[in-house]
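# Topology and contacts: notes
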Amino acid sequence: MKAIVLVENDVKSFETPMKLEMEKPLKHFDGELIKIRTGRAHTSMIEDIPVSCYGQPPMPLKNLAALAAPEPRMLTVQPWDVAVIAEIEKAIKNSDLGVTPVNDGAIIRLQLPEISSARRDDLQKILGKKLEDCRVAIRNIRKDFNNLLRDSKKDKEISENFFNRLTDSLQKITDTYIEQAEQKATKKEKDIKTV
């Protein structure tokens, strides 16, 4: 969070950076939702799986291989360096994708199963966890901005009335972003249930 200077009666200078900060967990949540499989296979489901290879810190799968979805329920992973195919296969097995990779030495194929009711339940739990992570991130931003407000009031940089206005604004915007995240989760939950 960048340093924000509060100016008496300038609500916009407070709300704009706060909204920008709250957009970040919402965008991250969007990315997480794409990874939760509903019907069709999509490369975004696997592109960020961390792979440890070359003695380096883990890097996303998309940096190591060409990813494709040639069929509705199949993904292929073609490493640019065949020497790391075993590490890629291991990373996929250890991910929460729930699919066993088939390695032919040059390409890894992932045949995605029909979603069973048990897997749907698992996906709903994963969705619930990711939604809660998003809510917590938004609330943490609210806490940071709330602390800024309290410090500014304590240091007599802003008046009591302006403090109250900004506190109300902070809560309304927080509620709006949490509601947006919940709407996205509800839509995704419908997708999971109707596959």
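Since the structure is predicted, the reported quantities are computational estimates derived from the model, not experimental observations.

### A closer look at the environment of Glu23
Looking at where Glu23 falls in the secondary structure, it is placed in helix H1 (residues 12-35). Sequence separation between Glu23 and Ser159 is 136 residues; the distance between their C-alpha atoms is 28 Å.

### Comments concerning the sheet that holds strand S5 (residues 102-103)
The antiparallel open sheet is built from four strands, whose spatial order is S3-S4-S6-S5. Edge positions in the sheet fall to strand S3 (65-71) and S5, since each has one partner strand and no second. As judged from the two bridges shared by S5 and strand S6 (residues 108-111), these two strands associate in the antiparallel manner. Residue pairing in the sheet places Val102 in a bridge with Arg109 of S6. Contacts from helix H2 (residues 85-94) reach S3, strand S4 (74-79), S5 and S6 within the one sheet, and its direction differs from that of S6 by about 20°.

### Things to note about the packing of aromatic side chains
Per the counting criterion, the structure on display carries one aromatic pair. When the centroid spacing of 5.6 Å and the interplanar angle of 80° are considered together, the rings of Phe14 and Phe145 count as edge-to-face. Of this pair, Phe14 sits in helix H1 while Phe145 sits in helix H3 (residues 117-154), placing them 131 residues apart in sequence. When sorted by exposure, Phe14 lands in the same class as Phe145, which is buried.

### Quick word on the pairing of S4
For a regular strand, side-chain orientation follows a simple rule: the groups alternate between the two sheet faces. Counted residue by residue, S4 has five buried out of six residues, so it is predominantly covered. By the bridge criterion, five bridges tie S3 to S4 in an arrangement that is antiparallel. For Leu67, the partnering residue across the bridge sits in S4 and is Val77. Following S3, the chain reverses through two residues before pairing antiparallel with S4. In this sheet, S6 lies alongside S4 in antiparallel orientation, the contact comprising four bridges. Paired with Met74 across the strands is Gln111, a residue of S6.

### Some points on the packing of H1 against helix H4 (residues 160-193)
The description of two packed helices rests on the angle between their axes and on the distance between the axes. Viewed as axis vectors pointing N to C, H1 and H4 meet at an angle of 15°, and their least axial separation amounts to 11 Å. One finds that H1 runs roughly parallel with respect to H4. H1 and H4 meet at a crossing whose hand is right-handed. Taking contact as the criterion, the partners of Phe14, Glu15, Met18, Lys19, Met22, Glu23, Leu26, Phe29, Asp30 and Leu33 in H1 are, on H4, Leu166, Ser169, Leu170, Ile173, Thr174, Tyr177, Gln180, Ala181, Lys184, Ala185 and Lys188. When its residues are assigned to classes, the contact of H1 with H4 shows twelve nonpolar, three polar and six charged.

### Some thoughts on the confidence of the model for the protein
With 93% of its residues at a pLDDT of at least 70, the protein reaches an overall mean of 85. Within the protein, the element-level pLDDT minimum falls on H1, averaging 87, and the maximum on H4, averaging 90.

### Observations regarding H3
Counted at 1.5 Å a residue, the expected span for H3 with its 38 residues is 56 Å, and the 55 Å between its end C-alpha atoms agrees. If you check which residues of H3 are buried, you get Arg120, Leu123, Leu127, Leu131, Cys134, Arg135, Ile138, Ile141, Phe145, Leu148, Leu149 and Ser152. The inward-facing, buried residues of H3 abut H1 and H4. Note on H3: the residue one or two positions beyond its end, Lys156, has a positive phi of about 60°.

### Observations regarding unusual backbone geometry
In this model, Tyr54 sits at a positive phi of 60°, which is unusual for a non-glycine residue. The topology assignment puts Tyr54 in the loop between strand S1 (50-51) and strand S2 (59-60). Taking the relative accessible area as the measure of exposure, Tyr54 reaches 49% and is therefore partly exposed. In this model, Lys156 sits at a positive phi of 60°, which is unusual for a non-glycine residue.

The rules behind each value
- Residues numbered from 1 in each chain as written.
- Predicted model: local features only at pLDDT ≥ 70, side-chain atom pairs only at ≥ 80, totals over all residues.
- Heavy atoms only, no water.
- Helix = DSSP H or I, 4+ residues; strand = E, 2+ residues; numbered from the N terminus.
- Pairing = 2+ DSSP bridges.
- Contact = heavy atoms within 4.5 Å.
- Axes fitted to C-alpha atoms, helices over the stretch in contact; angles between N-to-C directions.
- Phe/Tyr/Trp six-rings, centres within 6.5 Å; stacked < 30°, edge-to-face > 60°.
- Buried < 20%, exposed > 50% of the residue type's maximum accessible area, 1.4 Å probe, protein only.
- Parallel < 35°, antiparallel > 145°, perpendicular 65-115°, else oblique.
- Left-handed = near helix turned anticlockwise from the far one by under 90°.
- Nonpolar A, V, L, I, M, F, W, Y, C, P; charged D, E, K, R; others polar.
- pLDDT = per-residue confidence, 0-100.
- Expected span 1.5 Å × (residues − 1).

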